[in-house]
Amino acid sequence: MTVTSTTSRRAPLPRTWSIRASDIAALVAGNAVLIGAMWVRHGQLIELHSVTGIITAAGQLAALYGTYLVLLQLVLMSRSPWLDQVFGSDRIVWLHRWVGFSAILLLAAHGVLTVTGYGLANGSGPIGETVTMLTTYPYVLLATAGMALFVLIGVMSINAARRRVSYETWYGIHLYTYLAIALAFMHQLAVGTDFLGDPVARLYWLALYVATFSLLIAFRFGQPITLSLRHRLRVANVIVEAPGVISIYMTGRELDRLAVRAGQWFRWRFLTPDDWWRSHPFSLSAAPNGEFLRITVKDVGDFTSKLQRMRIGTLVFVEGPYGILTGAQRTRPRVLLVAGGIGITPLRALLEEMPAGKGDLALLYRARRPRDLVFRREIEQIAALRGATVHFVVGHHGTREMPHDPFEPRAIQRLVPDVAQRDIYVCGPVPMMDAVRRSLHALHVPDTQIHDERFAF
Ligand SMILES: Cc1cc2nc3c(=O)[nH]c(=O)nc-3n(C[C@H](O)[C@H](O)[C@H](O)COP(=O)(O)OP(=O)(O)OC[C@H]3O[C@@H](n4cnc5c(N)ncnc54)[C@H](O)[C@@H]3O)c2cc1C
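Residues numbered from 1 in each chain as written. Predicted model: local features only at pLDDT ≥ 70, side-chain atom pairs only at ≥ 80, totals over all residues. Heavy atoms only, no water.

A. A look at the domain arrangement of the chain. Assigned domains of the chain: these are domain 1 (21-219), domain 2 (232-322) and domain 3 (328-453). One C-alpha centre belongs to domain 2, the other to domain 3, and the line joining them spans 24 Å. Between domain 2 and domain 3, the residue contacts involve 18 residues of the former and 14 residues of the latter. Note on domain 2 versus domain 3: buried area summed over both sides is about 1300 Å², and carbon and sulfur give 59% of it. Ranking the residues of domain 2 by area buried against domain 3 places Pro243, Ala262 and Ala287 at the top, with a combined share of 26%. Counting every contact that joins domain 2 to domain 3 gives one salt bridge. With its nearest N and O atoms 2.9 Å apart, the salt bridge here joins Arg294 to Glu378. Summed over the shared surface of domain 2 and domain 3, the number is three residue pairs in polar contact (both at pLDDT 80 or more). The element contributing the most residues to the side of domain 2 that touches domain 3 is strand β5 (residues 293-298), with three residues. Class assignment of the residues belonging to the side of domain 2 that touches domain 3 gives a composition of nine nonpolar, five polar and four charged. (Domains from an automatic or database assignment. Contact = heavy atoms within 4.5 Å. Buried area = accessible area lost by both parts, 1.4 Å probe. Salt bridge = Lys/Arg side-chain N within 4 Å of Asp/Glu carboxyl O. Polar contact = N/O pair within 3.5 Å; in protein donor to acceptor, adjacent residues only side chain to side chain. Helix = DSSP H or I, 4+ residues; strand = E, 2+ residues; numbered from the N terminus. Nonpolar A, V, L, I, M, F, W, Y, C, P; charged D, E, K, R; others polar.)

B. Here's a closer look at the pairing of strand β3 (residues 265-270). In terms of burial, β3 is a largely internal element, six of the six residues being buried. Both faces of β3 are covered, namely the face carrying Trp265, Arg267 and Arg269 and the face carrying Phe266, Trp268 and Phe270. (Buried < 20%, exposed > 50% of the residue type's maximum accessible area, 1.4 Å probe, protein only.)

C. Structural view of the site of the ligand. For the ligand, the set of nearby residues contains 22 residues, the closest of which are His280, Pro281, Thr296, Lys298 and Thr304. Here a nitrogen atom of the ligand sits 3.2 Å away from a polar atom, N or O, in the side chain of Tyr167. Within the side chain of His280, a nitrogen or oxygen atom sits 2.7 Å from an oxygen atom of the ligand. In isolation the ligand offers 880 Å² of accessible surface; the protein chains occlude 86% of this area. Residue assignment for the shell around the ligand shows that the elements contributing at least two residues are β3, β4 (280-283), β5 and α10 (302-307). Broken down by element, the residue count for the shell around the ligand peaks at four residues, all from β4. (Near = heavy atom within 4 Å. Areas by Shrake-Rupley, 256 points an atom, 1.4 Å probe, with all protein chains shown as cover.)

D. Representation of the pattern of salt bridges in the model. With the rule as written, the count across this model stands at 21 salt bridges. Among the ionic pairs, Glu319 bridges to Arg79, the shortest N-O distance being 2.4 Å. Remark: Arg79 occurs in the loop between α2 (51-76) and α3 (81-122) and Glu319 occurs in strand β6 (residues 315-322); sequence separation between them is 240 residues. A relative accessible area of 19% means that Arg79 is categorised as buried. Between Glu408 and Arg410 there is a salt bridge, with its nearest N and O atoms 3.4 Å apart. Residue class for Glu408 comes out partly exposed when judged on its relative accessible area of 21%. Linked through salt bridges whose partners overlap, the residues forming this network are Glu168, Asp275, Arg278, Asp302 and Lys306.

E. Expanded view of helix α4 (residues 125-136). In this model, α4 (12 residues) spans 16 Å end to end at C-alpha, consistent with the 16 Å of a helix rising 1.5 Å per residue. Listing the buried residues of α4 in full gives Gly125, Glu129 and Met133. Looking down the long axis of α4, one finds its buried residues gathered within 95 degrees of arc, a one-sided arrangement. α4 presents Ile127 and Thr135 as exposed residues on the side facing more than 90 degrees away from its buried surface. Tucked inside the fold, the buried residues of α4 contact α3 and α5 (140-156). (Expected span 1.5 Å × (residues − 1). Arc of directions from axis to C-beta.)

F. Representation of the environment of Ser305 in the model. Here Ser305 is to be found in helix α10. Taking the C-alpha atoms as reference points, Ser305 and Leu120, 185 residues apart in sequence, are found 59 Å from one another.

G. Just the pairing of strand β1 (residues 233-242), in detail. By the bridge criterion, two bridges tie β1 to β6 in an arrangement that is antiparallel. When the sheet's bridge partners are listed, Arg234 is paired in β6 with Leu315. Across seven bridges, the pairing between β1 and strand β2 (residues 245-251) is antiparallel. Bridge assignment links Val240 to a residue of β2, and that residue is Ile246. What sits between the antiparallel neighbours β1 and β2 is a turn of two residues, in which Gly244 has the positive phi angle 75 degrees. (Pairing = 2+ DSSP bridges.)

H. Examining the packing of aromatic side chains more closely. Enumeration over the complete set of coordinates arrives at 11 aromatic pairs. Measuring from centroid to centroid gives 5.0 Å for Trp265 and Tyr322, while their planes differ by 50 degrees, and the two rings are tilted. One end of the pair, Trp265, is in strand β3; the other, Tyr322, is in strand β6, and 57 residues separate them in sequence. For the pair Trp265 and Tyr322, a shared accessibility class is recorded, and that class is buried. Linked through ring pairs, Tyr167, Trp170 and Tyr171 together constitute an aromatic cluster. Over the aromatic face of Trp98 sits the side chain of Arg97, whose NZ or CZ is 5.8 Å from the ring centroid. Its end group placed over the ring of Trp170, Arg162 keeps NZ or CZ at 4.6 Å from the ring centre. (Phe/Tyr/Trp six-rings, centres within 6.5 Å; stacked < 30°, edge-to-face > 60°. Lys NZ or Arg CZ within 6 Å of the ring centre and 35° of its normal.)

Structure below.
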């Protein structure tokens, strides 16, 4: 297996979807308007003449929009390729976080406003009304259990709590979202003012659920199963690249039909007795070549440490490809790749694949110690073949050998004087990526020329 050839591409490019962010925004806004209209149609504006009416009507609106946001959450997590193409995984994760918190706030508001409004209207007070609703209204007890699960998921997603639990625990708790949705679903149709006696509203609501779950089934199950069965990937070789860093080579059937670009990543599930149940994201560290796929993994925890001992022949299940750190984002003929640590992986693949004339490609690769530089020989060979410029930026910042931040604006400009005329692709530790972005802004590089990928969700 040779990984430094820059021969013509033998793998097809992923499908480009003609959908734009504005189309998605219009669809989301259109449904939001329909939901508001449904609320008005069911006479909620008439309720606004009294305080109790306002409170109850607001509770109803909060329920409708809270549920709508929960469904949007599921769409964001459906791993739909068109969403990935439009927003990129980093922005999807950001949206998921804030849509999630907003949904939980609205659903909690629904509970509080509804018992307060009803309690004031019939004189039983919020606590008495809570007891009445829990004990006599159909499915409300189940919906309350669902609400408690949503709150648990929200609390666990606050940064301070998130940091205290493993990724697997946090992810496992997130799976309770489906249970919470199921628990809440029936009470909407059974007691929701907007659905009682209105078959059109019920049909519309059901259609939202069906559309959302269809996306989930298609892209979280259908697409990965089809892809994995078609290509039957297996571990072909594992080699040590640097202390605590290995490359895993995978071969399979018809890899020349696997549509993927350099710079993209998959979720990999190695089918071993211990780890078949969990998938982890890793970028391709060599450009797709139709013969094999390669990932390069740094040992940072439980799973990545086990990968260092992966058996040859292990079957691999994949989901993807994902990510927009690719040549498709390019706006300029010249490109600068800025890598820190293991963030070199997608950039190493891009260095090999990105079309460029002599001198158009430059790489800054930051590592603390020379022995932490992964692929040094490969990078030098590719650079020589492609006429690319490479700067290995090695040393401990703050010492005599490197007194200044190597990514401060002047330092970047000294190494790459025409930086403002280039597209810049950045991948590395988050503080480094933030520092590079700040420096690029100081050098007047517009955001449209900066493309990055974070290795942490
Ligand atoms: C888009 C993307 C591409 C990546 N590419 C590479 C790569 O090419 N090479 C490389 O070495 N690393 C890469 N990573 C990072 C890699 O996925 C994590 O280091 C790895 O999953 C850690 O798992 P662990 O159990 O060993 O460590 P842990 O100690 O369990 O986790 C360390 C951190 O990794 C993240 N993480 C853990 N498990 C998962 C998971 N199942 N899904 C998502 N994130 C998780 C969490 O932020 C966690 O805090 C990439 C990450 C992302 C998001």
